[in-house]
Structure formats: C-alpha cells, structure tokens
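A closer look at the structure
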Amino acid sequence: MTTDTRNGARVAVVGGGVIGLSVAWRAAAAGHAVTLFDPKPAAGASWVAGGMLAPVAEAWPGEEAVLELGEESLARWPRFVRELTTDGADPVMNTAGTVIAAWDPGDAAQLEVLAGYLRRVGRGAELVDRRQLRKRVPGLSSRLRIGLWVPGDLAVDNRKLLRALQRACDHRGVRFRHEWVEAVEPATVRTGSGEFAYDEVVLAAGARTGMLHRELKDLVRPLKGEILRLRARRTSLPPPPLTVRAVVENRPLYLVPRTDGEVVVGATQYEAGFDETVAAGGVRELLDAAERVYPSVAEYELTEAAAGLRSASTDNLPLIGRLSDGVIVATGHYRNGLLHAPVTADAVVALLEDDEPPGAARAADPARARKEASV
Ligand code: GLY
C-alpha cells in the first residue's frame, strides 16, 4: 500500500468534475493534503453543462429543499468567484438575469403554475406579456405567448470555471492522479496501479459514484442530456445578452450566451444508462425548439454537439454527507451541479473538520435516501 505523507489530514477526492474540483480546492485551501483521482478531470457533465445558476427557474412544487439548497449556494457564489479569481482565474459570471418564455397555450399554463408557486413561496419572479418579453430580449420570436422574468437566476461560463478550478487546485497543492478508482473502502482507494491510504475519501464521481460504494448502488443514476453550441456569424443577430429559457411543446429549452458570440443550447433529458452518444433526434429537437424561440440561431454556425450524464438521486436533492467513517459522498446534483458547487464544497469541508454543514445542506444527508431504500 502506498501512503501519502504530506502534512495535515489526507483526503482523497474521487472525481474531477465541478463538484470534485471545488471540494478538492476548498479542502486544500483549508489546509488538508488533497489528492484528486480522475483519468480526465474537467470533463464529463460539467464540461457539457449550460452553466445556469438557477434555483428559481429550476424550482417546482414539492421540491422546496432543492430550492433552498440552490439559494444557499447561489448566495455563496460571489465569494466563490472572488476567491477563485485570486487562486485560479475569473470564471466569468453573467449577472443579467433570466427570462423563461412559453411557446403554446399549454406551455403558458405550465409557466403560470411555476409563477403561482413562486409567488406562494415568496420568490422573485414576474410574469410578463409578449411585448415586455421582446423588449427584454429583442431577438425573441413574436409567437411566444408569455414570459417569466427571474432577475436573480444567473449563469457562469462552465468551461472557464473548470479551468479556473484546475488552476486553483494546482495553486493550493492538490495532487492529481489520472486514473480510475476501482473500489473504495474506508480510508483506502484502490486503482489499477495500487492501493492508497487516506484519512477521508470523498466520492464525487457524478453518475459513476453509484458504482463505487454498495450503499449508493440504487441511489444514484445517470440521466443523459445533449447540448449544442452555436456561434453567431458576422451578419447574424448576436445571441441574447442573458439566459433565455423556454417551454416548447412541454419540453424545456435554454439558450445560455457566452461572451465570445457562442451560445449553449440545451438540453435533452432522458434515461439511457451510461450512453454518451449524441443522438440525431436530440440534435433535431434542440435545433427545432431553439429556432422557434430565437429565430436567428438558424443562421448560426453549429460548432458542437455533445452529451453528458447528470447524476440523479431518487428525490432530485443531492447526496452530501458522511456514508461511514472515512467516507463522505457528494453527488446526485441532478440539473444543478454548477449551482451547488460552493455549498457542497463548504459542506464537505465542514464534515472533514467535524463541523456542522451549512443549514440547507443538512437536508441532503444521504441518510434520508438510505432509509427510504431500506423500507
Ligand atoms: N442545468 C441544466 C441541465 O441539466 O440541463
């Protein structure tokens, strides 16, 4: 067995997506000796993501704990960005807010349900008519019915974020091991090249986390999503200046602009096991919906089509907490991995130090899901 001999608590983080990188960075900044295992960090679902930080637009009746966790994390984002900019690089946030548009009468009814729910729980969102919607985002289709203005939901450039986190990890002395983890026992990580001893192992391998620990087998599953990247051409209307979400014939859509003329269009959502192939039907569905909502995208250059696997739990709330002595889990972030990164990292660091995790993160303790699975 190989033993890491640096000072402080020895922490292994399994998984180098946004959650694993954030946990590794914050844990190293808190003084722990961190090793991150991933054959290809800064890839997977985090690389494919749209980058929305959107607790309100993602809210739905019955998922109050997800909303509260998202808001707690969103409140931590400004500080997260400041510290990340110091340690790594600026991940470039878009603070212009979000609109959600409805395509047909059924979609408008769905938006009204969301608006009514948000009103009841006292969250900031305002229904706007077609004219006000197009005033906010001039290139939107004149056929859209109504919209919801959500000023507090923001976005970040997911790829700049991942690169910044990698740099911040390097800056704080995180050691990267570019290999798969085959098994995790308390205090031990086994890979193809040997066994490594740690004081704590943090399981943050997204959809694959269920394979790493027998207790997680039925609690985390992959949920496929396809996205497109399109780039405005010199002669076409630029992308919207803020995040545009829409419901088009009962399907959710988003267009998230980047600062360089590119826009991320997403996302499909369906169960397909660990299949990461981009299906032609997914591309067609996204292009068709995007063109209806923001017609100019038809002239854009299609620069990329990609698929990623969200990690879904059984109740859409992540699993963040201690599984056993020496093993902590941080996965199951569903559609909110980027949003939840700061609160998850803070919760894991608190657990490493035997402190209480942030208030809203306590609802994400895996004990609730294990209890349900055993009934
Ligand atoms: N965060 C949006 C998605 O998962 O597609």
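Calculation criteria
- Residues numbered from 1 in each chain as written.
- Predicted model: local features only at pLDDT ≥ 70, side-chain atom pairs only at ≥ 80, totals over all residues.
- Heavy atoms only, no water.
- UniProt positions renumbered as here; feature names shortened; annotations may be inferred.
- Near = heavy atom within 4 Å.
- Polar contact = N/O pair within 3.5 Å; in protein donor to acceptor, adjacent residues only side chain to side chain.
- Areas by Shrake-Rupley, 256 points an atom, 1.4 Å probe, with all protein chains shown as cover.
- Nonpolar A, V, L, I, M, F, W, Y, C, P; charged D, E, K, R; others polar.
- Helix = DSSP H or I, 4+ residues; strand = E, 2+ residues; numbered from the N terminus.
- Pairing = 2+ DSSP bridges.
- Axes fitted to C-alpha atoms, helices over the stretch in contact; angles between N-to-C directions.
- Contact = heavy atoms within 4.5 Å.

Per an unreviewed UniProt entry, the protein carries the name glycine oxidase and comes from Thermocrispum agreste. Database annotation for the protein, UniProt heading Pathway (unreviewed entry): "Cofactor biosynthesis; thiamine diphosphate biosynthesis." One UniProt comment on the protein, placed under Catalytic activity (unreviewed entry), says "glycine + O2 + H2O = glyoxylate + H2O2 + NH4(+)".

**Re the site of the ligand**
Inspection of the region around the ligand gives Met52, Tyr254, Ala267, Arg310 and Arg335 as its neighbouring residues. Taking arginine 310, its side chain carries an N or O atom lying 2.7 Å from an oxygen atom of the ligand. In isolation the ligand has 200 Å² of accessible area, and contact with the protein removes 87% of it. The class makeup of the residues in the shell around the ligand is 3 nonpolar, no polar and 2 charged.

**Things to note about the UniProt feature "domain: FAD dependent oxidoreductase" (unreviewed entry) in the protein**
Cross-referencing UniProt, the feature "domain: FAD dependent oxidoreductase" (unreviewed entry) maps to residues 10-350 in the present numbering. End-to-end, the C-alpha atoms of residues 10-350 are 15 Å apart, and along that stretch the chain is 31% helix and 30% strand.

**Digging into the sheet that holds strand E6 (residues 98-102)**
Pairing is mixed in the open sheet, where 8 strands are placed in the order E7-E8-E6-E16-E17-E18-E15-E19. Each end of this open sheet is capped by a strand with a single partner; those strands are strand E7 (126-129) and strand E19 (301-312). Strand-to-strand twist of the sheet, defined as the mean angle between neighbouring strand axes without regard to direction, takes the value 25°. By the bridge criterion, 4 bridges tie E7 to strand E8 (residues 146-150) in an arrangement that is antiparallel. Opposite glutamate 126, over in E8, you have tryptophan 149 as the bridge partner. Sitting on the sheet, helix H4 (residues 105-120) is in contact with E6, E7, E8 and strand E16 (243-248), with an inclination near 30° to E8.

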